[in-house]
Amino acid sequence: MNLKWFVFVFLCFIGQSSQEQREANEVKIGAIFSFGTTNGKVARIAMEAAVQDVNSDPSLLGGRKLALTLHDSNYSGFLGIIGALQFMETDTVAVIGPQSSVMAHVLSHLVNELHVPLLSFTALDPTLSPLQYPYFIQTAPNDLLLMTAVADMISYFQYREVVAIFSDDDQGKNSITALGDKLAERLCKISYKAILPPEPISSYDLIVDQLVKVTSMESRVIVLHTLSITGLKVFEVAHELGMMTSEYVWIATSWLSSTLDSISVSPKVAASIQGALTFRSHTPDSPKKRAFSSRWNKLSNGSIALNVYGLYAYDTVWMIAHAVKEFFDHGGKITYSNDSNLNSFAGKTMNLAALSIFDGGNQLLSNILKTNMTGVSGPISFNPDRSMPRPSFDVLNVVGKGLLRQIGYWCNYSGLSVVPPESLYAKPANRSSSTQRLDQVIWPGQTTKRPRGWIFPDNGRPLRIGVPRRVSYKAFVSEEEGSGVVHGYSIDVFLAALKCLPYPVPHKFIMFGDGHKNPSYSQLVNMITVDVFDAAVGDITIVTNRTKILDFSQPYADSGLVVVVHVKKIRSIAWAFLRPFTPLTWGVIAAFCLVVGAVVWILEHKYNDEFRGPPKKQMVTILWFSFSTVFGAPRENTVSTLGRIVLLIWLFVILIITSSYTASLTSFLTVQQLSSSIQGIESLVTSNDAIGYQAFPRDSPLAIDMSTAILQLSENGELEKIRKKWLNRKVCGGQSSAADSEQLPLKSFWGLFLISGVTCCFALLVYFCLMLHQFKRHFPELMQLSTASRTKISHSIRLKKFLSFVDEKAEISANRLKRKRMEMENP
């Protein structure tokens, strides 16, 4: 009996010793996942295969073995915390996981305290900073890079607004925030966010409610960032709601590719995801990858196919193994110390005092970050900020039966391309727009035509186009009175641009203004911001304040600090000398030359022999004297005081007129003239004239399409034809001729002509009074007749005698008067 007891005790001692020896030779690592998910299943098989491969090489860990302990969190954050605490009680050197970023934020605080590295290839929240969580390591490209790729693809297809549908958890919210930032860098934005409950509580009704709201949005570009179960539900509901047509663009993040790579979906699900775009972390082809892929069917027993997360899971175990090897090679020992912060919990039911600090945790963390190896997923190393060097993604298109078709690649080194990123690394980095390229996409609705990506709001209600009702300068926009028809340069450009769009744009013009004065353009643009108008067309000035609240189309006339007006060209060089004066001005000048000539002849005829002679000669003299004054002092001398005064004033008028003529003619022959009263920036500032182009509400997608259409009009010459139609005409509408406004009008000289005319009239009046006075002295007998006799001879004798007196030479009149005086003195 004693012998049997001795043998029993001895065997127990031997068994305990062998157990302790076995545990001493094990390096314990843990894994926390929801193993019921697709990625959880793939990760479990891959990690177990990696542990087996590591342990099959006795030289790697010096006879030690990796011992992997799996903990199923089963979608529960609470169970994930419990699993992590259990690992910390059992001398675990590293933990793989968790699967979600929500748990990563929580468990990172735990591993920071106990110095146990936490590695995850699925918790890829971009806000998991190494500064805050030094013991947390992402072993796959995080979602910041994924969202950069999404933003690049949205910009590549020239979309400007997107709708984001995502799960209400840390990874979903933070990743979509990163997407918004990346879109803003590309002048794009998220116009609406549809938030879904996190898995597994997203119900059919909740998804329907959110997608119905999405259908009322203007944007038809949808980014779906969630987990596989919820994501597939969203696609099924969207298909039922008619949201998988050629009108929509669906971009699913990497969850869709990993799901389709691993499982076969039902025909119903396959139909609902047709035409979607998705991403997959790019892993270059290599012998290691091919060998592991060939083993996969045996490892999984055909239960599930390999996806990229299986590759990352396999490589993560090897990263830990290499780091542990380095740790042991430098004399490291796996020891633990009590955490003084937990001493107060000793003896409590929860036994938190059993948690201990891994003394070599900092060294093991350092070894992991120094990893430089080639795994089944490709080269593995870390940048100083712990990011993966040169991460890249496959760009995939979901086609019939839920199959993935590769249409290109994305790499932060080169952007979008149709060649593998590793073939571009030998070349200089080039992300210019000319090098960005993807293969043809089969969009929802089985079409290769790129969807427009947006619709008109309010179920296609016609756009309300505000048009200023101008009362002056109507070349840009005007309304035909009584007909309601709107036309003009801006209107024609707008209508021509609409014809270039690949879709109809229902619209109606609404006049703005009372028709008595030009309307306030500030009020007009403000009415767009308050949704009274959907857009405005006309000569709207582009100013800084307006560009902050509105979008303007591509300018269809030269912009900048210039005055855009019609340039008058000289049409006939042969008659250019007539252009300085208007026809009326020329006529008045000619008439005044004749009048002044006649007045001077009247004033000089009695006293100056040069103004006497036969009638024919006198007519020639008047004409010659009249027009010779235009070119300087005339040949004929003036002897009378009144004649000299009239001639002096007229020569002054002629001097001003000829000087103006010379200056204006010089300008016409050397400088092109503007057909506008605005001659520069200063006159523009002091005027009320408006300048500008048609505009739209802020971030309107129609503004982009209209700008593209205007560029097309410019390229095909149609824009130039419209410009010539409205802005190159001599007369615009009912306004004055542009040529007239450039010539010197009569009103420029009316003061001079007034002075000359008054002088002539005054001289004639004085001359008439003087002649009448002399006539009384020469013929007093005619002035002393009786009233009856004077009335009888007034018209027949006196007038003839007066005219004869005026016409006769002054010497003759003087001699006759002298004789009469002598006869009176010597009767």
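Residues numbered from 1 in each chain as written. Predicted model: local features only at pLDDT ≥ 70, side-chain atom pairs only at ≥ 80, totals over all residues. Heavy atoms only, no water.

A word on the overall build of the chain. Within the chain, the regular secondary structure consists of 28 helices and 26 strands. Across the 827 residues in the chain, those meeting the buried criterion constitute 48%. A sequence separation of at least 24 residues applies to 71% of the contacts in the chain between residues at least 6 apart. Accessible surface, the chain: about 41100 Å² in total, of which carbon and sulfur atoms supply 58%. (Helix = DSSP H or I, 4+ residues; strand = E, 2+ residues; numbered from the N terminus. Buried < 20%, exposed > 50% of the residue type's maximum accessible area, 1.4 Å probe, protein only. Contact = heavy atoms within 4.5 Å. Areas by Shrake-Rupley, 256 points an atom, 1.4 Å probe, with all protein chains shown as cover.)

Right, let's talk about the sheet that holds strand S4 (residues 118-120) for a bit. Strand order in the open sheet formed by five strands is S2-S1-S3-S4-S5, with parallel pairing between adjacent strands. Of all the strands in the sheet, the pair left with one neighbour each is strand S2 (65-72) and strand S5 (136-138). Within this sheet the neighbouring strands show an average axis-to-axis angle of 25°, counted without direction. Pairing of strand S1 (residues 26-33) with S2 involves eight bridges; the strand directions are parallel. Counted as the bridge partner of Val 27 is Leu 66 from S2. Relative to the sheet, helix H3 (residues 77-89) contacts S1, S2 and strand S3 (94-96), its axis offset from that of S2 by approximately 155°. Set on the sheet, helix H4 (residues 101-114) makes contact with S1, S4 and S5; between it and S4 the angle comes to about 155°. (Pairing = 2+ DSSP bridges. Axes fitted to C-alpha atoms, helices over the stretch in contact; angles between N-to-C directions.)

On the surface, a nonpolar cluster with roughly 400 Å² of combined accessible area is contributed by Trp 575, Phe 577, Leu 578 and Trp 586. You can see Leu 578 is positioned in the loop between strand S24 (567-568) and helix H18 (583-605). For Leu 578, a relative accessible area of 35% translates into the label partly exposed. (Patch = residues over 30% accessible without salt bridge, like charges linked within 9 Å, V, L, I, M, F, W, Y side chains within 5 Å. Salt bridge = Lys/Arg side-chain N within 4 Å of Asp/Glu carboxyl O.)

Turning to the side chain of Thr 259, a few remarks are in order. Counting through the fold element by element, Thr 259 comes out in helix H9 (residues 254-262). Not counting residues within four places of it along the chain, the set of residues in contact with Thr 259 comprises Ser 228 and Leu 232.

So, about the packing of aromatic side chains. A ring pair, where both rings are aromatic, is described by two values, the distance of the centres and the angle of the planes. On inspection of all chains with the given rule, the structure shows 17 aromatic pairs. For the pair Phe 292 and Tyr 314, a centre-to-centre distance of 4.4 Å together with 40° between the ring planes defines the contact as tilted. Of this pair, Phe 292 sits in helix H11 (residues 287-300) while Tyr 314 sits in helix H12 (residues 308-329), and the two are 22 residues apart along the sequence. Across this residue pair, the class does not change: Phe 292 and Tyr 314 are buried. Through pairs of rings, three or more aromatic residues link up here, namely Tyr 156, Phe 157, Tyr 159 and Trp 443. Between the NZ or CZ atom of Arg 44 and the centre of the ring of Phe 35, over which it lies, the distance is 5.2 Å. Positioned above the aromatic ring of Phe 328, the side-chain terminus of Arg 64 is 3.8 Å from the ring centre. (Phe/Tyr/Trp six-rings, centres within 6.5 Å; stacked < 30°, edge-to-face > 60°. Lys NZ or Arg CZ within 6 Å of the ring centre and 35° of its normal.)

Now for helix H13 (residues 361-369). Along H13, the residues that are buried comprise Gly 361, Leu 364, Leu 365, Asn 367 and Ile 368. Projected down its long axis, H13 shows its buried positions confined to an angular sector of 160°, all on one face. Check the buried side of H13 and you find it contacts S4, S5, H12 and strand S12 (356-358). (Arc of directions from axis to C-beta.)

Relative to strand S7 (residues 189-196), strand S6 (residues 161-167) runs parallel, the two being bridged by seven bridges. Paired with Ala 164 across the strands is Lys 193, a residue of S7.

Let us look at the nonpolar core. Residues Met 47, Leu 66, Phe 121 and Phe 292 are the most contacted members of the largest nonpolar core, which totals 74 residues. Sequence-distant contacts of Leu 66, defined by excluding residues within four places in its chain, comprise Val 27, Ile 29, Val 51, Val 54, Asn 55, Leu 61, Val 317 and Ala 321. In this structure, Ile 465, Ala 475, Val 477 and Tyr 503 belong to the second largest nonpolar core, which totals 34 residues. (Core = buried A, V, L, I, M, F, W, Y, C linked by side-chain atoms within 4.5 Å.)

What follows is about the side chain of Asp 152. With respect to the helices and strands, Asp 152 occurs in helix H5 (residues 143-156). You can call Asp 152 buried: its relative accessible area is 10%. Every residue in contact with Asp 152, bar those within four places of it in the chain, is listed here: Arg 186, Trp 410, Leu 416 and Arg 431.

This paragraph deals with unusual backbone geometry. The step from Gly 97 to Pro 98 runs through a cis peptide bond, and the omega angle for that step is -5°. One can find Pro 98 in the loop between S3 and H4. Look at His 115: it is not a glycine, yet its phi comes out positive at around 60°. You can see His 115 is positioned in the loop between H4 and S4. On the accessibility criterion, His 115 (28% relative accessible area) is partly exposed. Even without glycine at this site, Asn 301 takes up a positive phi of about 55°. Its place among the elements puts Asn 301 in the loop between H11 and H12.

The subject of this paragraph is the environment of Lys 325. Among the structural elements, Lys 325 can be located in helix H12. Taking the C-alpha atoms as reference, Lys 325 lies 5.4 Å from Leu 61; in sequence the two are 264 residues apart. Leaving out residues up to four positions away in the same chain, Lys 325 has contacts with Ser 59, Leu 60 and Leu 61.

Another point: the confidence of the model for the chain. When pLDDT is averaged across the chain, the result is 81; 80% of the residues are at 70 or more. Throughout residues 3-22 the model reports pLDDT below 50, and contacts reaching past four residues in sequence, or to other chains, amount to zero contacts. Counting contacts from residues 730-741, a segment whose pLDDT is below 50, to residues more than four positions away or on other chains yields eleven contacts. (pLDDT = per-residue confidence, 0-100.)

All right, on to the pattern of salt bridges then. According to the stated counting rule, one finds 19 salt bridges in the structure shown. Arg 295 is paired through a salt bridge with Asp 53; the nearest N and O atoms lie 2.9 Å apart. You can see Arg 295 sitting in helix H11 and its partner Asp 53 sitting in helix H2 (residues 38-55), a full 242 residues away along the chain. Residue class for Arg 295 comes out partly exposed when judged on its relative accessible area of 30%. For the salt bridge of Asp 394 with Arg 280, the shortest nitrogen-to-oxygen distance reads 3.2 Å. Here the residue Asp 394 occupies a position in strand S15 (residues 392-399), and Arg 280 occupies one in strand S10 (residues 277-281), the gap between them amounting to 114 residues. The same class applies to Asp 394 as to Arg 280, namely buried. Beyond isolated ion pairs, a larger network of salt bridges with shared partners links Asp 152, Lys 182, Glu 185, Arg 186 and Arg 431.

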